[in-house]
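# Summary of structural features
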Amino acid sequence: MKTKLLFACMASLLSLSSFSQKKKQQEMAVYAEKKGNDYYLVRLEQGKDIPNVYVYSNGVTKPYKNYTELKDVVMEFPGMMETNNSTKEELVSVLKKDNHFYEITSQRKDPKNFEKTIITVYEVVQGQKRIVEEYDTIFDLAGSPYKDAIFIN
């Protein structure tokens, strides 16, 4: 009886604490830019119109700025708009996993068709890049060990 009561109290406390904490929605990496040794990561949170921007520096990802308007993000990262209609290979995200550092890029074969996008994963070691994996679609990447670079919880 005491055990059941203890479990009931713990369950109610856990549900209350999880309810009181604002749960962050999943984010999707949409653009990245390297400036010096830092990477600026633009990620769109589910249900939001304005992306979150982070800076990855010295192995740590931190919020960069809190933007209130999309035009402010575009003004600071004008390359973001150019990638929409580009067939060039563009940096999308970075990932540090198991003491390895990866850059993830995308390249549209047809700028008007999002589904015709090649995703490439590069391992970066001492400034040198080598291709680790290529995916024909973002959906193929979603099932890979590198999905955390694009789909961030």
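Nothing here was measured: the structure is a model prediction, and the numbers come from that model. One numbering rule holds for all chains: residues counted from 1, following each sequence as written. This being a predicted model, a pLDDT of at least 70 is required before a residue's local features are given, and a value of 80 or more before pairs of side-chain atoms are given or counted; all residues contribute to the totals for chains, interfaces and linings. With hydrogens and water stripped out, all remaining heavy atoms of the structure feed into the side-chain values.

Turning to the pairing of strand E4 (residues 60–65), a few remarks are in order. DSSP bridges decide pairing: two strands pair if at least two such bridges lie between them. Put simply, DSSP marks the helices as runs of H or I at least four residues long and the strands as runs of E at least two long, and each gets a number from the N terminus on. In this sheet, E4 lies alongside strand E3 (residues 52–57) in antiparallel orientation, the contact comprising 5 bridges. Directly across from valine 55, in E4, lies its bridge partner lysine 62. The antiparallel hairpin formed by E3 and E4 contains 2 residues in its connecting segment, where asparagine 58 sits at a positive phi of about 50°.

Moving on, we get to the sheet that holds strand E6 (residues 100–108). Taking strand neighbours across the sheet as the criterion, the 4 strands line up as E5-E6-E7-E8 in an open arrangement whose pairing is antiparallel. In this open sheet, the two edge strands, each paired with only one partner strand, are strand E5 (90–97) and strand E8 (128–135). Neighbour-to-neighbour, the strand axes of this sheet turn through a mean angle of 25°, independent of strand direction. With 7 bridges joining them, E6 and strand E7 (residues 117–125) adopt antiparallel strand pairing. Each bridged residue has a counterpart across the sheet, and for threonine 105 the counterpart in E7 is threonine 120. Think of each axis as a best-fit line through the C-alpha atoms, taken over the contacting stretch in the case of a helix, with angles from 0 to 180 degrees between the N-to-C directions.

On to the nonpolar core, then. Judged by nonpolar contacts, the single largest core of 14 residues is most densely connected at Ile104, Val121, Leu141, Tyr146 and Ile150. Of all the secondary-structure elements, those providing two or more residues to this core are E5, E6, E7 and helix H4 (138–142). Here a residue-residue contact requires only that any non-hydrogen atoms of the pair lie within 4.5 Å. Ignoring sequence-local partners within four residues, the contact set of isoleucine 104 consists of Glu90, Leu91, Val92, Ser93, Leu95, Ile119, Thr120, Val121, Ala149 and Ile150. The next biggest cluster of nonpolar side chains, apart from the first, holds 10 residues, and it includes Tyr31, Tyr40, Val53 and Val55. Among buried residues, the Ala, Val, Leu, Ile, Met, Phe, Trp, Tyr and Cys ones that are joined through side-chain atoms within 4.5 Å form a nonpolar core. The rule is simple: take the accessible area with a 1.4 Å probe, protein chains only, and divide by the maximum for that residue type; under 20% is buried, over 50% is exposed, in between is partly exposed.

Counting buried residues along E7, 8 of its 9 residues qualify, which places the element largely inside the surrounding structure. By the bridge criterion, 7 bridges tie E7 to E8 in an arrangement that is antiparallel. Bridge pairing in E8 places valine 121 opposite glutamate 133. Taken together, E7 and the strand that follows it, E8, pair antiparallel across an intervening segment of 2 residues, in which glutamine 126 is found at a positive phi of about 50°.

What follows deals with the sheet that holds E4. Here 5 strands make up an open sheet; going across it, the order is E4-E3-E2-E1-E9 and the pairing antiparallel. In the strand order of this sheet, the two ends are held by E4 and strand E9 (151–152), each with one partner.

Turning our attention to the packing of aromatic side chains. Aromatic rings from Phe, Tyr and Trp, with only the six-membered ring used for Trp, were paired whenever their centres fell within 6.5 Å, and each pair was classed as stacked if the ring planes differed by under 30 degrees, edge-to-face if by over 60, and tilted otherwise. Applying the stated rule across the entire model yields 7 aromatic pairs. Between tyrosine 102 and tyrosine 146, the ring centres sit 5.1 Å apart and the planes meet at 65°, which makes this aromatic pair edge-to-face. You can see tyrosine 102 sitting in strand E6 and its partner tyrosine 146 sitting in the loop between H4 and E9, a full 44 residues away along the chain. Of the two residues examined, tyrosine 102 and tyrosine 146, each falls in the buried class. Through a chain of ring-to-ring contacts, the aromatic side chains of Tyr39, Tyr56 and Phe101 assemble into a single cluster. Whether a charge sits over a ring depends on NZ of Lys or CZ of Arg being within 6 Å of the ring centre and within 35 degrees of the ring normal. The positively charged end of arginine 43 is found above the aromatic ring belonging to tyrosine 54, 5.0 Å away from the centroid. Across the ring face of tyrosine 122, the terminal group of lysine 129 is positioned such that the distance to the ring centre comes to 5.4 Å.

Such coordinate-based values are descriptive only and should not be taken to indicate function.
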